[in-house]
Amino acid sequence: MKTLFDKIWDAHVVATVEGGPTQLYIDRHLCHEVTSPQAFAGLRARGLTVFRPDQTTLTADHNIPTMGQDQPIRDQISRFQVDTLAKNAADFRLTYYGLNNPKNGIVHVIGPENGYTQPGMTIVCGDSHTSTHGAFGAIAFGIGTSEVEMVLASQCILQTRPKTMRINFEGKLNKNVGAKDMALYMIAQLTTGGATGYFVEYAGEAVRNLTMEERMTLCNLSIEMGARGGLVAPDETTFNYMKGREFAPKGEKWDEAIAYWRTLKTDEGATFDKEVTFDVSQIQPMITYGTNPGMGMPIDGTIPELEDIDAAGKISFEKSLAYMGFAPGEKLEGKQIDYVFLGSCTNGRIEDFRLFADYVKGKKKADNVTAWLVPGSWQVRRQIEAEGLDRILEEAGFALRQPGCSACLAMNDDKIPAGKYAVSTSNRNFEGRQGPGARTILAGPLVAAAAAVSGKITQP
Amino acid sequence: MEKFQTITSTYVSLPIENVDTDQIIPARFLKATTRDGFGDNLFADWRYDKEGNPKPDFVLNNPAYSGQVLVAGKNFGSGSSREHAAWAIGGYGFRVVVSSFFADIFRNNALNNSILPVVVSEQFLSALFASSNGNPKATVTVNLEEQTITNNETGRSESFEINAYKKECLLKGLDDIDFLLSNKDKIEAYEQQRTFSYD
């Protein structure tokens, strides 16, 4: 009796190192401009080629502008980094979706939408949100640049087998509660390091009822509680999503693939190192109040008092609230905000834009709010336009930008100014994450829409 | 890679929990295409003000405190997978990071750069913070061969875990790519007989 994780892991073991890690075979490798240049330089220094060039795909996303992408990148260092990626793709003969390529977008958005991400795979990328791809029932996790070099050189990686955890979300979601709220609730319960050392399987009625994009949001945030990854057993929802996508198997190959993928589920009676169950009726629309994603609460919640924090954590808690400009015991509902960011690998997909557009339809953006709406890929942006959502957004006072990671990590010009509050659908509220001094309040797309219209932290 | 030898050194204490890799090296410094120079921006936003002047109350700006060992609060290195965090720590001159808990990706990245993450108990960690408080001459000894760490102020030692393979790599200065490349026949054999082939 095996868990889903065990089945996939065991199918990828090339060798086990005496007293050490497993040599794991990697089916798909994704690269972006920020975490790969030193790996390619390493290959050159050792005189190596890419071992399996068909299994690595490159995109530029982290460091690119979200306006004027048809122009050369103005920031010279950013341009050099993106140019380096293009050169590495050419020199090592790798597929590259650079700027202005119709398939360009955030690495964790384009993998799934093109059918490149498939159940049962091992997928890595030099990016911690690689966990997103786990939504398809894949072992997908973020790696460092030395490990990127290992995968390029050998299509393998050395990893210690993580422990397994199953998180069951039972029951039916409340109105206006989505996958982001489930994730922020879960991380608040388990803390930002609560799943470190584990690989998580998400299960239960509420997970089964999620769409693929919602599952991606949930799996994406696995790393924010320390888990290497999170996965969901593939089912009809998965297969319906995948069917017909460009790189998904076709014809007979599709039938073979489906037959295999149907075996990818945790056997009855298989055990996990840890198991947690949440009753989703307890979950309300969530926000964060601090500087790690575990510092979350319902919109009408109250920030903990200092005496509720354990001794070793007090310094960090006080530092965090001082940074945010909040006080222990404070309520945040009704608090004025300055920026709204809709986008990122967490919430930059078409369903997120549909939710946002549906909420703001016929309403107006608040005057005190600057809103950045950044589709996760060109495909998402084309879909927004095809559905006419761009016109709804425009009428409500919102403009669409071009795809990229944007204000999620503010490597480009999309920086929230110091001291300003941003309700952000991204994944991290760390100090300075969205710009030096920026104050991030994480939330789902619906809460972001409500904030954009009211100019305040509001119930959607 | 540089071989790892026993270190006795003064240390720098950072009693903050959940130090994420965005704090270790903020994203705007990730535009480089080499591994060099990140040490100058280690903890940049805690270390420098907006004008780039050192903030006097941050420990790295206190000339009394230095050493090859960084001692930090629980859950060090969470968040982004950026190996630049390990490069910044190594570039600054640290060879060991001590905490009661490390995030997984950071731990791997550190090891791949010959920086040793040492996990100690909460009590041992608190004692290290206490020993260095007002006493910058406090030292620790980290012995990888024996897998022990000693607080030389209290004389107390703890053993720490590291897998035998990684220990060997650090002691001999080998890296994983050397190992993987020596194993190519096994990789090709795997590709021939795997459960399901994606093409």
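Use the structure listed above.
Heads up: these notes are all about the structure in this document. (Residues numbered from 1 in each chain as written. Chains lettered and ligands numbered in written order. Predicted model: local features only at pLDDT ≥ 70, side-chain atom pairs only at ≥ 80, totals over all residues. Heavy atoms only, no water.)

Okay, the interface of chain A and chain B next. In this complex, chain A contributes 77 residues to the contact, which on the side of chain B involves 56 residues. Carbon and sulfur atoms make up 57% of the surface buried where chain A meets chain B, a total of about 5400 Å² over both sides. In this assembly, chain A and chain B are joined by seven salt bridges. A salt bridge links A:Asp27 to B:Arg194, with the nearest nitrogen and oxygen atoms 3.9 Å apart. Here chain A and chain B share 28 residue pairs in polar contact (both at pLDDT 80 or more) between them. If you list the elements that add at least two residues to the side of chain A that touches chain B, you get strand S1 (13-16), strand S2 (22-25), helix H2 (37-46), helix H3 (76-91), helix H5 (145-154), strand S8 (156-159), helix H10 (251-261) and helix H11 (314-324) of chain A. If one sorts the elements of the side of chain A that touches chain B by residue count, H5(A) sits on top with seven residues. Looking at the side of chain A that touches chain B, its residues break down into 31 nonpolar, 30 polar and 16 charged. (Contact = heavy atoms within 4.5 Å. Buried area = accessible area lost by both parts, 1.4 Å probe. Salt bridge = Lys/Arg side-chain N within 4 Å of Asp/Glu carboxyl O. Polar contact = N/O pair within 3.5 Å; in protein donor to acceptor, adjacent residues only side chain to side chain. Helix = DSSP H or I, 4+ residues; strand = E, 2+ residues; numbered from the N terminus. Nonpolar A, V, L, I, M, F, W, Y, C, P; charged D, E, K, R; others polar.)

This paragraph deals with unusual backbone geometry. All names here are of chain A. Not every positive phi belongs to a glycine, and glutamine 155 is a case in point at roughly 60°. Its location among the elements puts glutamine 155 in the loop between H5 and S8. Exposure remark for glutamine 155: the relative accessible area of 0% places this residue in the buried category. Even without glycine at this site, serine 406 takes up a positive phi of about 55°. Mapping serine 406 onto the fold places it in the loop between helix H15 (389-395) and strand S17 (421-424). (Buried < 20%, exposed > 50% of the residue type's maximum accessible area, 1.4 Å probe, protein only.)

As a further point, take the sheet that holds strand S18 (residues 439-442) of chain A. Residue and element names in this part refer to chain A. With parallel pairing, four strands are arranged side by side in an open sheet as S16-S15-S17-S18. Each edge of the sheet is formed by a strand with only one pairing partner; in this case those strands are strand S16 (370-373) and S18. In this sheet, adjacent strand axes meet at a mean angle of 20° when their direction is disregarded. Across the sheet, H11 lies against S17 and S18, angled at about 100° from S18, the strand it touches most. Contacting strand S15 (339-342) and S16, helix H13 (residues 350-360) crosses the sheet at an angle of about 140° to S15. (Pairing = 2+ DSSP bridges. Axes fitted to C-alpha atoms, helices over the stretch in contact; angles between N-to-C directions.)

Any two side chains of opposite charge can pair, on the condition that their charged atoms come close. Scanning all chains against the criterion turns up 33 salt bridges over all chains. The salt bridge partner of A:Arg215 is A:Asp235, with a shortest N-O separation of 2.9 Å. One end of the pair, A:Arg215, is in helix H8 (residues 212-220); the other, A:Asp235, is in the loop between strand S11 (229-231) and helix H9 (236-242), and 20 residues separate them in sequence. Using a relative accessible area of 0% as the deciding quantity, one classes A:Arg215 as buried. Here A:Arg428 makes a salt bridge to A:Glu224, at a shortest N to O gap of 3.0 Å. Pair noted here: A:Arg428 is in the loop between S17 and S18 and A:Glu224 is in the loop between H8 and S11, with a separation of 204 residues, a long-range link. In this pair, the class of A:Arg428 matches that of A:Glu224, namely buried. Within the structure, one salt-bridge network assembled from shared partners comprises A:Arg46, A:Glu149, B:Arg35, B:Glu83, B:Asp175 and B:Asp178.

Where helix H8 (residues 184-193) of chain B is concerned, the buried positions are B:Ile187, B:Tyr190 and B:Glu191. The arc that holds the buried residues of H8(B), viewed along the axis, is 100°, so those residues lie on one side. Seen from the buried face of H8(B), the exposed residues on the opposite side, beyond 90 degrees, are B:Asp185, B:Gln192 and B:Gln193. Check the buried side of H8(B) and you find it contacts S1, S2, H5 and S8 of chain A together with helix H7 (176-181) of chain B. (Arc of directions from axis to C-beta.)

In this section: the packing of H2(A) against H5(A). All names here are of chain A. Where H2 contacts H5, the axes come no closer than 8 Å and their chain directions differ by 55°. Between H2 and H5, the angle is such that the two are oblique. Here the hand of the crossing between H2 and H5 comes out right-handed. Two secondary-structure elements touch here, H2 through Gln38, Ala39, Phe40, Gly42, Leu43 and Arg46 and H5 through Thr145, Val148, Glu149, Leu152 and Ala153. Class assignment of the residues belonging to the contact of H2 with H5 gives a composition of six nonpolar, three polar and two charged. (Parallel < 35°, antiparallel > 145°, perpendicular 65-115°, else oblique. Left-handed = near helix turned anticlockwise from the far one by under 90°.)

Backbone hydrogen bonds are what pair the strands of a sheet, in a parallel or an antiparallel way. All names here are of chain A. Reading across the sheet, the four strands line up as S11-S10-S9-S12 and stay open at both edges, with parallel pairing between neighbours. At either end of the open sheet lies a strand with only one pairing partner, and these are S11 and strand S12 (274-279). Ignoring which end each strand starts from, the neighbouring axes of this sheet average 20° apart. Examined bridge by bridge, strand S10 (residues 198-203) and S11 share three bridges and lie parallel to one another. Looking across to S11, one finds that glutamate 201 is bridged to leucine 231. Lying over the sheet, helix H6 (residues 179-190) contacts strand S9 (163-170), S10 and S12, oriented at roughly 125° with respect to S12.

Attention shifts here to the pairing of strand S7 (residues 156-159) of chain B. The side chains of a regular strand alternate, first on one face of the sheet and then on the other. Where strand S6 (residues 148-151) of chain B lies against S7(B), four bridges are found, and the strand directions are antiparallel. The partner of B:Asn151 across the bridge, within S7(B), is B:Arg156.

Moving on: the packing of H13(A) against helix H16 (residues 445-454) of chain A. All names here are of chain A. Interhelical geometry of H13 versus H16 gives an angle of 35° and a closest axis separation of 9 Å. By crossing handedness, the relation of H13 to H16 is classed as right-handed. Touching Asp352, Leu355, Phe356, Tyr359 and Val360 of H13 are Pro445, Leu446, Ala448, Ala449, Ala450, Ala452 and Val453, all from H16.

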